[in-house]
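# Fold and contact review
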2 protein chains.
Amino acid sequence: MKPYAFGIDIGGTAIKLGLFQTDGTMLEKWQLPTRTEENGAYVLPDALESIRAVMARRSILWDDVEGAGMGVPGPVNDEGTVFRCVNLDWDVFNIPEVVQKLEPGISRIHVSNDVNAAALGELWKGGAQGRKSAFLVTLGTGIGGGLVLNSRIVNGINGGAGEIGHFCVDPSELEQCSCGGYGCLEQYASARGLLRCARKVSPDASKNMSAKTVCDMARRGDPIAVNLLDQLGRKLGWALTAVAGSIDPEVFVIGGGLSHAGDVLLSKIEYYYRKYAFHAFRDTEFVLAELGNDAGIYGCVKMLL
Amino acid sequence: MKPYAFGIDIGGTAIKLGLFQTDGTMLEKWQLPTRTEENGAYVLPDALESIRAVMARRSILWDDVEGAGMGVPGPVNDEGTVFRCVNLDWDVFNIPEVVQKLEPGISRIHVSNDVNAAALGELWKGGAQGRKSAFLVTLGTGIGGGLVLNSRIVNGINGGAGEIGHFCVDPSELEQCSCGGYGCLEQYASARGLLRCARKVSPDASKNMSAKTVCDMARRGDPIAVNLLDQLGRKLGWALTAVAGSIDPEVFVIGGGLSHAGDVLLSKIEYYYRKYAFHAFRDTEFVLAELGNDAGIYGCVKMLL
């Protein structure tokens, strides 16, 4: 194996990059703004340009580079074909083909969904270290999910594995989700969903609130905030029993901005998971994600190793 | 690879066995009653005794046998440890260890949950032939589920992968499920569940009914029966959107006794699946299982190949 590898985690706002030794040591990390103009045509060239600059500074040649792993914010299949990335304004195309054309020096390129990559990162160096299977749920503005089985990312035939954010948890919901559906898990259990629910029960008090405020209030025992987290935990914990009934992972990893709330949130999710779970997997462990924004670049590199 | 292999599908009532060539040809199949006395102590010796008799008749030596694959009606982990099989009165033990002691001549033994084995059988020679991933749901007295990814069975860390029969689809249910929970999918979408629901809406009419009668009536347009299948399809189709959000399989295979109802049932399941599914996997194909009771022995043998 060659000595170096790059991790490229492409988000709607920033491209996060990391240079690693192939023994797993991160040598440096940096980021670029994501330029989404002209259907995101600059995204891949920008990332490669920036990698070339780091290589020049460190006198690294492409012959010393095992390859690059890439995470993108949308569904990707096993061949690296992306099926639209709304945040990047990308349509359907095969990423490795385009990257190889832009940089023929690169010998290997693996692509996956960003949350799947983060799940692999958490398994390798984060909260799920030492396990072989894990399901990561990221609670951010929306909800993402990523699955690793036998230490390998599962993409799914349409790149949809882990996409539980739009599982319908309340068919009677009247407000529409961004996906066009009604009653998606994301409408209740993401940071945005939590605020939406807060506005419903307390329209005035919630005006200047963030999801963090709600979690802080719950930690101080505010009954309305406790109730809001209870509702979130019930819907998410219960939805995860369906994930367990599908793949029965070793561990559930809870990540994303909302996960910084820590135990006040995790305890609710766990409580309802165990309440509704079938006995075979009732004791599945829950952990918090540990790598934060670096989970993606770790997982991207791990895809190559 | 040696020329022969055995498939052993152990059920609560019968042990189904098959002798195969390792090119996939089934040479013969037969079955034995399952003796569950003395904590199921006779089950494995009976199966091996019967295999030895067939080998003697055909002058096959253990040196000619690649091994045996076995399916059992309960959760099994990757090492072949079974976590209680209620129907066999089995506790926790490692099946390959016991089999090797009973028959030292056997060179390889692979064990999985019976529905997982059936899923692999359907992928190899049945309704999902040619695919790499499939989720099988068997609608029998209860509900079973089995998962195959990259042409390999996924057991799950507790042997619970595919166990969606006890996913809670209605927390307000007052009647208790056999598992101790309330509102399990099995209480609505299995043959027994369908009859339970029939008794609720039509206590008199349903006295001598079977699940088959309900399906036949629905096919003739009986509004109550149509409504019952509609409810079944809604709960099952919707639950399968959570499976898709977890692993996004190539195809859903519907099997078990109730699946003989065919399109009158399948169309309902598909309709509600597509209604509730996230767009990435909204078009996932649904097929009926094709191998019936033989799916298990096919899948058991495929585990070895």
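I will try to describe carefully the structure that is included in this document. As the structure is a computational prediction, the values presented were derived from the model and not from experiment.

## A short note on the overall build of chain A
Check the secondary structure of chain A and you find 10 helices and 12 strands. For chain A, the C-alpha radius of gyration of 20 Å lies close to 19 Å, the compact-globule estimate for 305 residues. Its C-alpha atoms give chain A principal-axis dimensions of about 60 × 40 × 35 Å. Once local pairs closer than 6 in sequence are excluded, the contacts in chain A between residues at least 24 apart make up 60%. Element-wise, carbon and sulfur atoms account for 48% of the exposed surface of chain A, whose accessible area totals about 12,500 Å². Taking the 29 positively charged and 35 negatively charged side chains of chain A as two groups, their mean positions are separated by 5 Å.

## Focus on the packing of aromatic side chains
Residues and elements named next belong to chain A. With the rule as written, the count across this model stands at 24 aromatic pairs over all chains. Ring centres of Tyr271 and Tyr272 lie 4.9 Å apart, and the angle between their planes is 85°; on these two criteria the pair is classed as edge-to-face. For Tyr272, a relative accessible area of 7% gives the class buried. When the ring centre of Trp124 is taken as reference, the NZ or CZ atom of Lys125 above it lies at 4.9 Å.

## A word on the relation of the copies chain A and chain B
The two copies are related by a screw motion: chain A maps onto chain B through a turn of 180° and a shift of 0.0 Å along the axis, at an RMSD of 0.0 Å. Such values leave the two copies arranged in the relation of a two-fold axis. When the interface residues of chain A are mapped onto chain B, 100% of them are again interface residues, pointing to one common binding face.

## Some words on the pattern of salt bridges
Applying the stated rule across the entire model yields 37 salt bridges over all chains. Between Arg274 of chain A and Glu270 of chain A there is a salt bridge whose closest N-O contact spans 2.5 Å. Residue Arg274 of chain A and its partner Glu270 of chain A are located together in helix α9 (residues 263-276), separated by four residues, close to a single helical turn. Residue Arg274 of chain A is classed as partly exposed on the basis of its relative accessible area of 25%. Arg219 of chain B is paired through a salt bridge with Asp216 of chain B; the nearest N and O atoms lie 3.0 Å apart. Separated by three residues within a single helix, Arg219 of chain B and Asp216 of chain B lie in helix α7 (residues 211-219), roughly one turn from each other. On the basis of relative accessibility, which here comes to 46%, the residue Arg219 of chain B falls in the partly exposed class. Through salt bridges with shared partners, a single ionic network connects Glu173, Glu175, Arg196 and Lys200 of chain A.

## Some thoughts on the environment of Lys29 of chain B
All names here are of chain B. Relative to the helices and strands, Lys29 is located in strand β3 (residues 26-33). Of the residues examined, Lys29 reaches a relative accessible area of 46% and is grouped as partly exposed. Excluding its chain neighbours within four sequence positions, the residues that come into contact with Lys29 are Leu17, Gly18, Asp294 and Ile297. Among the polar contacts made by the side chain of Lys29, one reaches the side chain of Asp294 at a distance of 2.6 Å.

## Let's talk about the environment of Arg220 of chain B
Residues and elements named next belong to chain B. Mapped onto the elements of the fold, Arg220 is located in the loop between α7 and α8 (223-247). On the accessibility criterion, Arg220 (68% relative accessible area) is exposed. Separated by 94 residues in the primary sequence, Arg220 and Gly126 have C-alpha atoms spaced 29 Å apart.

## Regarding the sheet that holds strand β10 (residues 152-153) of chain B
All names here are of chain B. Read across the sheet, five strands follow the order β10-β9-β8-β11-β12 without closing on themselves; strand pairing throughout is mixed. Edge strands, defined here as strands with exactly one partner in the open sheet, are β10 and β12 (285-288). Pairing geometry for strand β9 (residues 143-149) and β10, over two bridges, is antiparallel. Bridged to Val148 within β10 is Ile153. Relative to β12, helix α9 (residues 263-276) is tilted by about 160°, and along the sheet it contacts β8 (134-139), β11 (251-255) and β12.

## Structural notes on helix α10 (residues 295-302) of chain A
A large share of α10 of chain A lies buried, amounting to seven of its eight residues. The inward-facing, buried residues of α10 of chain A abut β1 (4-10), β2 (14-21), β3 (26-33), β4 (65-72) and α4 (114-125) of chain A.

## What to know about the sheet that holds strand β9 (residues 143-149) of chain A
All names here are of chain A. With mixed pairing, five strands are arranged side by side in an open sheet as β10-β9-β8-β11-β12. The outermost strands of the open sheet, each flanked by one partner alone, are β10 (152-153) and β12 (285-288). Looking at chain direction, strand β11 (residues 251-255) and β12 are connected through four bridges and run parallel. The partner of Phe252 across the bridge, within β12, is Phe286. Each of β8 (134-139), β11 and β12 touches α9; the most contacted strand, β12, lies at about 160° to it.

Conventions and cut-offs
- Residues numbered from 1 in each chain as written.
- Chains lettered and ligands numbered in written order.
- Predicted model: local features only at pLDDT ≥ 70, side-chain atom pairs only at ≥ 80, totals over all residues.
- Heavy atoms only, no water.
- Helix = DSSP H or I, 4+ residues; strand = E, 2+ residues; numbered from the N terminus.
- Rg over C-alpha atoms; globule rule 2.2 N^0.38 Å.
- Contact = heavy atoms within 4.5 Å.
- Areas by Shrake-Rupley, 256 points an atom, 1.4 Å probe, with all protein chains shown as cover.
- Lys, Arg positive; Asp, Glu negative; His and termini not counted.
- Charge placed at Lys NZ, Arg CZ, Asp CG, Glu CD.
- Phe/Tyr/Trp six-rings, centres within 6.5 Å; stacked < 30°, edge-to-face > 60°.
- Buried < 20%, exposed > 50% of the residue type's maximum accessible area, 1.4 Å probe, protein only.
- Lys NZ or Arg CZ within 6 Å of the ring centre and 35° of its normal.
- Least-squares fit on C-alpha atoms with pLDDT ≥ 70 in both.
- Salt bridge = Lys/Arg side-chain N within 4 Å of Asp/Glu carboxyl O.
- Polar contact = N/O pair within 3.5 Å; in protein donor to acceptor, adjacent residues only side chain to side chain.
- Pairing = 2+ DSSP bridges.
- Axes fitted to C-alpha atoms, helices over the stretch in contact; angles between N-to-C directions.

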